[in-house]
Amino acid sequence: MSKSITVYSPASIGNIGPGFDVLGLAVTGLGDKVIAREISDDKIIIEDIRNADHDISKNPAKNTMGIAADSVRKKLSTKTGVALTLIKGLPSGSGLGSSAASAAAGAFAVNALFDGGLSPEDLIHNAMEGEAFVSGGYFADNVAPSLLGGATLTQSLNPLIITALGSIHALHIILVTPKIQILTKDSRAVLPESIPMKAFIRNLANTASITAAFTNNDYTLLKDNLQDDAIEPHRSKLIPGFYNAKEAAINAGANGLCISGAGPTVFAITNKEEQRDKIASAIVGAFHQEDIEAVATLSRVDKQGTRQI
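Here the residue numbering is sequential within each chain, running from 1 through the sequence in written order. Selection of residues for local features in this predicted model requires a pLDDT of at least 70, selection of side-chain atom pairs for listing and counting requires 80 or more, and totals for whole chains, interfaces and linings are taken over all residues. For side-chain calculations, the full set of non-hydrogen atoms in the structure is used, while hydrogens and water are omitted.

Visitor: Would you mind showing me how to read the overall build of the protein here?
Guide: Scanning the protein from terminus to terminus reveals ten helices and eleven strands. In this treatment the radius of gyration is a C-alpha quantity, and the globule benchmark scales as 2.2 Å times the residue count to the 0.38 power. Computed over C-alpha atoms, the radius of gyration of the protein comes to 19 Å, within 12% of the 19 Å expected from 2.2 N^0.38 for 309 residues, which places it in the range of a compact globule. Along the first, second and third principal axes, the C-alpha atoms of the protein reach 60 × 40 × 40 Å. Counting over 309 residues, the protein shows a buried share of 56%. In what follows, a contact means two residues having at least one pair of non-hydrogen atoms within 4.5 Å. Sequence separation of at least 24 residues holds for 74% of the intrachain contacts in the protein that already meet a minimum separation of 6. As presented, the protein carries roughly 12,800 Å² of accessible surface, and 50% of it is formed by carbon and sulfur atoms. If you average the places of the 27 positive and of the 31 negative side-chain charges in the protein, the two averages end up 2 Å apart. Helical segments are the DSSP runs of H or I of at least four residues, strand segments are the runs of E of at least two, and each set is numbered from the N terminus. Residue burial is assigned from relative accessible area. The probe radius is 1.4 Å, only protein chains are included, and a residue is buried under 20% of its type maximum, exposed over 50%, and partly exposed in between. In this description, accessible areas are obtained by the Shrake-Rupley approach with a 1.4 Å probe, and a residue is regarded as covered only by the protein chains that are shown. Here the positive residues are Lys and Arg and the negative ones are Asp and Glu; neither His nor the chain ends is included. Where a charge lies is defined by one atom per residue type, namely NZ (Lys), CZ (Arg), CG (Asp) and CD (Glu).

See the structure below:
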């Protein structure tokens, strides 16, 4: 009987507010699963895709999971083929690293299936190849935390240098996804060619502070610097009711709210577990006032990252 494994890869928050393209955070509650099994043919095939909210190609050359998985298989120089099944737990175009989770799970699954022993850095490279197919470029702010768990800092893409930053034990995260779709390519298209120096300096300081917050397990340092003055003013235009949602969250007790990655998901933070439901209801209510349905997920930091289950 052919060997088979199942892998889970968590959702992620790209940027963590001000850290555009460099900070990322793995979160609990949402994620993708991949089942991988050996086959005799010397190729990757995608047998099934379940629970997807849109059409996802079963052509492995046009699928983030398939591209990442085949990249690992070639790296391992194996002639044994792999059949993949993708079980989506993430909505597409949500700003929660949906394509990154699929790519991370695909890369991890093939490496584990063949006991390949590739390093996390290798798997991030492989997953980035899959992610690039849909996002239009090479970014690690979703695939890195999805693979490694916790918060991550992308110091360099070439050469690839990723630093794991750890977690904040007191951090509770409220994810709210309004029922609109924003593709990463579109959300990047609204960004200006340049930003004011004042906004740049503020974001740089906030990004450095959030990096320190995770390395020092310091919730106060996170909440005091969760502000994006450079990207949010532009991307928020794609999310009707965004600033009303932010005001509602803060009035309900949140210590801040930002766009998750490219959006439209937003995330609020608190260190008071008993406040989470109130904050979630306030944000969902703000979007309802715009006649937009929204779904809330109560979340924490996923410290494990992608793993075999």
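Visitor: What's the story with empty space enclosed by the protein in this structure? I'm lost.
Guide: Picture a little ball the size of a water molecule; that probe, rolled over the atoms, points out where space is still empty. In the cavity and pocket records, a cavity denotes points on a 1 Å grid over the protein atoms alone where a 1.4 Å probe fits but cannot get out, a pocket denotes an open set with protein on both sides within 12 Å along at least 5 of 7 lines, and lining residues are residues with an atom within 4 Å of a point. Grid points are joined across faces, edges and corners, and a volume is the space filled by probe spheres set on the points. In total, this model carries two cavities of 30 Å³ or more according to the counting rule given. Computed from the structure, the largest cavity encloses a volume of approximately 80 Å³. Lining the largest cavity we find N15, G17, F20, D228, I231, E232, R235, C258, I259 and G261. If you list the elements that add at least two residues to the lining of the largest cavity, you get α8 (232–235) and β8 (257–259). Of the volumes computed, that of the second largest cavity is approximately 40 Å³.

Visitor: Looking at this structure, I do not really get the layout of surface pockets. What am I missing?
Guide: Taken as a whole, the second largest pocket holds about 230 Å³ of empty space. As for the second largest pocket, its lining consists of 14 residues, of which D53, P91, S94, T177 and K179 are closest to the centre. The set of elements that each furnish at least two residues to the lining of the second largest pocket consists of β7 (172–178) and β10 (294–299). Charged means Asp, Glu, Lys or Arg here, nonpolar means Ala, Val, Leu, Ile, Met, Phe, Trp, Tyr, Cys or Pro, and polar covers whatever is left, Gly included. Its residues placed into classes, the lining of the second largest pocket shows six nonpolar, six polar and two charged.

Visitor: Would you mind showing me how to read the packing of aromatic side chains here?
Guide: Stacked, tilted and edge-to-face are the three classes assigned to paired rings of Phe, Tyr and Trp, where Trp is represented by its six-membered ring and a pair needs centres within 6.5 Å; plane angles under 30 degrees give stacked, over 60 edge-to-face, the rest tilted. Summed over all chains, the structure comprises one aromatic pair. Centroid distance F242 to Y243: 4.9 Å. Interplanar angle 80 degrees. Geometry classified as edge-to-face. With a relative accessible area of 44%, Y243 lands in the partly exposed category.

Visitor: How should the sheet that holds β8 be read in this particular structure?
Guide: The pairing of strands in a sheet comes from backbone hydrogen bonds and takes either a parallel or an antiparallel form. A pair of strands counts as paired when DSSP detects no fewer than two bridges linking them. Across the sheet, four strands lie side by side as β8-β9-β7-β10; this open sheet has antiparallel pairing. The open sheet terminates on both sides in strands that have one partner only, identified here as β8 and β10. With direction set aside, neighbouring strand axes in the sheet form an average angle of 20 degrees. Pairing of β8 with strand β9 (residues 266–270), which is carried by three bridges, proceeds in the antiparallel orientation. Directly across from I259, in β9, lies its bridge partner V266. Lines fitted to C-alpha atoms define the axes, with helix axes restricted to the stretch in contact, and inter-axis angles between N-to-C directions lie between 0 and 180 degrees. Its contacts with the sheet put helix α9 (residues 242–251) on β8 and β9, and the angle it makes with β8 is roughly 150 degrees. Running over the sheet, helix α10 (residues 276–288) touches β7, β8, β9 and β10 and is turned about 20 degrees from β7.

Visitor: Would you explain helix α1 (residues 64–76) in this entry?
Guide: For an α-helix, 3.6 residues make a turn, and residues three or four places apart therefore share a direction. For α1, spanning 13 residues, the distance from its first C-alpha to its last is 19 Å, which sits close to the expected 18 Å at 1.5 Å a residue. With respect to burial, α1 is a largely interior element, ten of its 13 residues being buried. Taken together, the buried positions of α1 are occupied by T64, M65, G66, I67, A68, A69, D70, S71, V72 and R73. Its side-chain oxygen placed 2.8 Å from the backbone nitrogen of M65, N63 serves as the N-cap of α1. Looking one or two places after α1, you find S77, whose phi comes out positive at around 55 degrees. Given the number of residues in a helix, its expected span is that number minus one, multiplied by 1.5 Å. Polar contact is the term for a pair of N or O atoms within 3.5 Å; when the atoms are in protein, one must be able to donate a hydrogen and the other to accept it, and sequence-neighboring residues count only if both atoms are side-chain atoms.

Visitor: Hey, could you run me through the nonpolar core in this one?
Guide: Within soluble globular proteins, side chains that are nonpolar tend to cluster in buried spots. In terms of nonpolar packing, the biggest core is built from 35 residues, with V82, L84 and I124 touching the most fellow members. No other element matches helix α2 (residues 98–113), which puts nine residues into this core. Setting aside residues up to four positions removed in sequence, L84 forms contacts with V34, I35, A36, I44, I45, I46, E47, D48, M65, G66 and A69. Only buried residues count toward a nonpolar core, which is a set of Ala, Val, Leu, Ile, Met, Phe, Trp, Tyr and Cys residues joined through side-chain atoms within 4.5 Å. In terms of nonpolar packing, the next biggest core, distinct from the first, is built from 27 residues, A11, L90, Y219 and V301 among them.

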